[in-house]
Amino acid sequence: MSGSGAPEQSAPHAQGMRVTVVAAQWHERIMGGLVAGALRAVEEAGAQASVVRAVGSFELPVLAAAAAQGGAEAVVALGVVIRGGTPHFDYVCRAATDGLSRVALDTGVPVGFGVLTCDDEAQALARCGGPGAEEDKGYEAACAAMSTALTLAAMRG
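Residues numbered from 1 in each chain as written. Predicted model: local features only at pLDDT ≥ 70, side-chain atom pairs only at ≥ 80, totals over all residues. Heavy atoms only, no water.

A few points about the side chain of Ser-57
Item 1. Following the sequence through the fold, Ser-57 ends up in the loop between β2 (48–54) and α2 (60–69).
Item 2. Apart from residues no more than four positions distant in its own chain, Ser-57 is found in contact with Ala-24, Gly-79, Val-80, Val-81, Val-92, Ala-96 and Val-115. (Helix = DSSP H or I, 4+ residues; strand = E, 2+ residues; numbered from the N terminus. Contact = heavy atoms within 4.5 Å.)

Re helix α3 (residues 88–107)
Item 1. The end-to-end C-alpha separation of α3 is 28 Å, in line with the 28 Å expected for 20 residues at 1.5 Å each.
Item 2. Of the positions making up α3, those classed as buried are Phe-89, Val-92, Cys-93, Ala-96, Gly-99, Leu-100 and Val-103. One side of α3 carries all its buried residues, which in axial view fall inside an arc of 145°. Seen from the open side of α3, the exposed residues pointing more than 90 degrees away from its buried face are Tyr-91, Arg-94, Arg-102, Leu-105 and Asp-106.
Item 3. The secondary structure elements touched by the buried residues of α3 are α2, β3 (74–82) and β4 (111–118).
Item 4. Following α3 by one or two positions, Gly-108 has its phi on the positive side, about 80°. (Expected span 1.5 Å × (residues − 1). Buried < 20%, exposed > 50% of the residue type's maximum accessible area, 1.4 Å probe, protein only. Arc of directions from axis to C-beta.)

Let's talk about the UniProt feature "active site" (unreviewed entry) in the chain
Item 1. Under the UniProt annotation, "active site" (unreviewed entry) lies at His-88.
Item 2. By the secondary structure assignment, His-88 is in helix α3.
Item 3. Note on His-88: relative accessible area 53%, which makes it exposed. (UniProt positions renumbered as here; feature names shortened; annotations may be inferred.)

Quick notes on the UniProt feature "binding site: 5-amino-6-(D-ribitylamino)uracil" (unreviewed entry) in the chain
Item 1. Mapped onto the present numbering, the UniProt feature "binding site: 5-amino-6-(D-ribitylamino)uracil" (unreviewed entry) falls on Trp-26, Ser-57, Phe-58, Glu-59, Val-80, Val-81, Ile-82 and Phe-113.
Item 2. Given a relative accessible area of 6%, Ser-57 falls into the buried group.
Item 3. For Val-80, a relative accessible area of 5% gives the class buried.
Item 4. Setting aside anything within four residues of it in sequence, one finds Val-80 in contact with Trp-26, His-27, Ile-30, Met-31, Ser-57, Leu-116 and Ala-124.

In structure tokens, the structure reads:
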């Protein structure tokens with residue numbers, strides 16, 4: 001499991017922070033868990049959430065950029081890509097990862113990375129925060145984005 005060695009995580013105090021959750025539509029059951037976890041973290045933090053749905057993980061970066069440029073103080077990108085028998089998995093994962101990194105660096109708005117890149121559906125279900133899941137990557141991605149936004153605000157004074 002990827003959670004080995006992870007720090008204890010709880011929602012930061014981010015009262016009133018504007019957080020946009022950008023979530024892909026593929027794999028509805030898995031995405032439901034990811035979105036629920038992210039929204040729970042935002043609520044626990046006292047932040048304000050809006051949710052934007054992307055067709056798939058490939059489309060997440062352009063919507064994350066629009067959210068960052070539109071006033072979001074933190075963006076949470078959620079998706080799932082499950083390996084198949086073609087190189088499509090590699091292209092989508094690379095595009096999503098590189099694009100979301102670029103959004104954060106180009107805009108200065110933190111992007112929590114909650115895109116699951118798994119070999120099979122069982123791995124994704126174990127990480128999505130739903131019933132019986134061992135990890136809650138939606139919650140973790142939201143906490144990371146909000147915590148980073150607070151750190152940046154403190155650094156900028």
